Amino acid sequence: MNNPLIKAIRGAICVQDDSKETIDRSICKLYSKVLEANNLQEEDVAFLLITQTGDLKSRNPAAALRKGGFCSVTPLFCMQELEIEGMLERVIRLMVVTNGEVENIVPVYLDGAEKLRPDLVL
C-alpha cells in the first residue's frame, strides 16, 4: 500500500566535464530545479539517493550539495551508476524522497539527460 506522505521524485543532469566546479554547479542546479518544479522546501525532503556515472571522479555530489549550502541535515546516499554498454556518459541521477504532500510529481531532466526518459519530459 502506498503511503500518501512518502513520494519519490527523479531527476538527472548531464555534466559537461569531470571537474569539481562543474559537478558542484550541475548537482546544485538539478536539486534546485527539482525543489522548484515540485513546489518543495528542503524541510519537505526526507533523504536523497544520488548516483553518478563512473567517468565522474572529481567530486562526490553529496559533498557538492553541502558545499553549495544545501542539505545541511538531510541524509544523502551516493552510489556509482551501473555501467551498461552504450550508456549516457557524465550523468548524475537524483531521487528526492519527500515527507510531505506533493500534488503532481514533476521529474526533472536537464542538459542532455532528457534522452534518458523522453516519456517523462514535458
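Residues numbered from 1 in each chain as written. Predicted model: local features only at pLDDT ≥ 70, side-chain atom pairs only at ≥ 80, totals over all residues. Heavy atoms only, no water.

Draft legend 1. Representation of the pattern of salt bridges within the structure. Within this structure, the stated rule accounts for five salt bridges. When the shortest N-O distance is used, the salt bridge between K29 and D111 registers 3.0 Å. Separated by 82 residues along the polypeptide, K29 in helix α1 (residues 20-37) and D111 in the segment after β5 (108-110) bring together distant segments of the chain. Residue class for D111 comes out partly exposed when judged on its relative accessible area of 43%. The closest approach of N and O atoms between E81 and R93, which form a salt bridge, is 3.4 Å. Taken together, the positions of E81 in the loop between β3 (76-80) and β4 (91-98) and R93 in strand β4 put the pair twelve residues apart, joining distant regions of the chain. (Salt bridge = Lys/Arg side-chain N within 4 Å of Asp/Glu carboxyl O. Helix = DSSP H or I, 4+ residues; strand = E, 2+ residues; numbered from the N terminus. Buried < 20%, exposed > 50% of the residue type's maximum accessible area, 1.4 Å probe, protein only.)

Draft legend 2. Quick peek at the packing of aromatic side chains. Evaluated as defined, the whole model comprises one aromatic pair. Geometrically, the ring pair formed by Y31 and F70 is edge-to-face, given 5.3 Å between the ring centres and 85° between the ring planes. Of this pair, Y31 sits in helix α1 while F70 sits in the loop between α2 (61-67) and β3, placing them 39 residues apart in sequence. The exposure classification of Y31 matches that of F70, with both residues buried. (Phe/Tyr/Trp six-rings, centres within 6.5 Å; stacked < 30°, edge-to-face > 60°.)

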